[in-house]
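Summary of the model geometry
Listed below are the residues making up each chain.
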Amino acid sequence: MFTGGFGLHYGCQKLGCMMIPAGSGNTERHIAMIGDYGTTVLIATPSYALHMCEVGERLGFDWEASTLRVGLFGGEPCPPGLKAEIEERMHIVCTDNYGLTEVMGPGVSGECLAARDMQHIAEDHFLWEVVDPETGEPVGEGEMGELVLTPLDKQAIPVLRYRTHDLTRVVCEPCACGRTSARMQKVRARCDDMLIIRGTNVFPSQVEDVLSGIRGVTPHYRIVVETANGLDRMTVHVELKPEAFSDSFEEMEGLRRAIEEKLKGVLLVGVRVKLVEPGGIERTTGKAKHVEDLRK
């Protein structure tokens, strides 16, 4: 049971918006509703928004001519490459929001268009702290650490100093947009999704950053970690765009090795890359699952 949509639903209603609760799945129906109702804003996970792009294109839906103009995304990280692709294909402006069910759901912070990598914290509702994940001690302003939140008006279940496991940094100087609330950097990694590969710390967000800079690669990927002959082995399944896929073994092998080299340069550990044909990475209507850890 996914509660993420309720906070946005009632919040937008309070602003006077007409909300159409669609749920997940049945993507063809969602696309039809955009056309039927003249929908202007799509609220979804970014991975599902990209899935809607693909389904709409197969159906011949003209995204550029649609009434849709804004995407409000949450539930999972939205790296710049993924956001740019959705904006280009859907012809909309995409923004992120951050929240978690334990402290009240969505609405902890929202993206500012003046600094696309930062989100304004709703300080009238949440007391924030940033601490060292290992010691729990506060870090200095602007330093990376684990976000700790205390909701100030949560009803029924009080929560004090909830450790989110999300890694971010917070700055307090006024924003170029004119707002004076503190801003947090978009969460790209967590304390508990860090992978240790042969003694090296690896975050999925590092893989996202590398792949987003390679032409011909889609934002869809899968990391598989397993043990072979007593050693950890990490394989990154990389999905190619149709124009990058070739029948030439030499071209594909050259691309595969180039991606491996770029990943090794950032991760500081050797990984295997497996190229996947367009559409070969399983899509999901919920949060995308990027890591499969098969180690016992």
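A few points on the structure. Since the structure is predicted, the reported quantities are computational estimates derived from the model, not experimental observations. (Residues numbered from 1 in each chain as written. Predicted model: local features only at pLDDT ≥ 70, side-chain atom pairs only at ≥ 80, totals over all residues. Heavy atoms only, no water.)

Side note on the overall build of the protein chain
We apply this condition: A run of H or I in DSSP becomes a helix once it reaches four residues, and a run of E becomes a strand once it reaches two; helices and strands are each numbered from the N terminus. The atom set for the radius of gyration is the C-alpha atoms, and the globule formula is 2.2 Å times the number of residues raised to the power 0.38. Here's how the labels work: a residue is buried when its accessible area is under 20% of the maximum for its type, exposed when over 50%, partly exposed in between, all with a 1.4 Å probe on protein chains only. Contacts are residue-level and defined by heavy atoms, with any inter-residue pair within 4.5 Å sufficient. Note that accessible areas follow from Shrake-Rupley with a 1.4 Å probe, and for residues the cover is restricted to the protein chains shown.
A tally of regular secondary structure across the protein chain gives 6 helices and 17 strands. Here the C-alpha atoms of the protein chain give a radius of gyration of 20 Å, agreeing with the 19 Å that 2.2 N^0.38 yields for 296 residues. Along the three orthogonal principal directions, the C-alpha set of the protein chain runs to about 60 × 55 × 40 Å. Burial analysis of the protein chain (296 residues in total) assigns 43% to the buried set. Sequence separation of at least 24 residues holds for 57% of the intrachain contacts in the protein chain that already meet a minimum separation of 6. Put simply, the protein chain shows about 16,000 Å² of open surface, and 53% of that area lies on carbon and sulfur atoms.

Let's talk about the pattern of salt bridges
As a reminder of what qualifies: Criterion for a salt bridge: a side-chain nitrogen of Lys or Arg within 4 Å of a carboxyl oxygen of Asp or Glu.
Inspection of the entire model under this criterion finds 24 salt bridges. The shortest N-O distance in the salt bridge between R89 and E85 comes to 2.5 Å. Taken together, the residues R89 and E85, both in helix α4 (residues 80-90) and 4 residues apart, mark about one turn of the helix. Overall, the relative accessible area of 21% leaves R89 in the partly exposed class.

Some words on the pairing of strand β15 (residues 231-240)
We apply this condition: Any two strands are treated as partners once DSSP identifies two or more bridges connecting them. For the handedness criterion, the strands are oriented away from the viewer, and a crossover whose path from the first strand over the helix to the second runs clockwise is classed as right-handed.
Of all the 10 residues making up β15, 8 are buried; the element is thus mostly covered by neighbouring parts of the structure. Where strand β14 (residues 217-228) and β15 come together, 9 bridges link them in antiparallel fashion. Within the sheet, the bridge partner assigned to E226 lies in β15 and is R233. Note: β15 against strand β16 (residues 272-276), 5 bridges, orientation parallel. If you follow H237 over to β16, its bridge partner there is K274. Once you follow β15 into helix α6 (residues 249-267) and on to β16, the crossover reads as right-handed.

Brief notes about the sheet that holds β16
Counted only if it meets this: Think of each axis as a best-fit line through the C-alpha atoms, taken over the contacting stretch in the case of a helix, with angles from 0 to 180 degrees between the N-to-C directions.
Strand order in the open sheet formed by 4 strands is β16-β15-β14-β17, with mixed pairing between adjacent strands. With partners counted over all chains shown, the strands left at the sheet margins are β16 and β17 (291-293), one partner each. In this sheet, adjacent strand axes meet at a mean angle of 20° when their direction is disregarded. As judged from the 3 bridges shared by β14 and β17, these two strands associate in the parallel manner. Counterpart to V225 in the pairing with β17 is D293. Each of β14, β15 and β16 is contacted by α6, which is oriented at about 135° to β16, the strand it contacts most.

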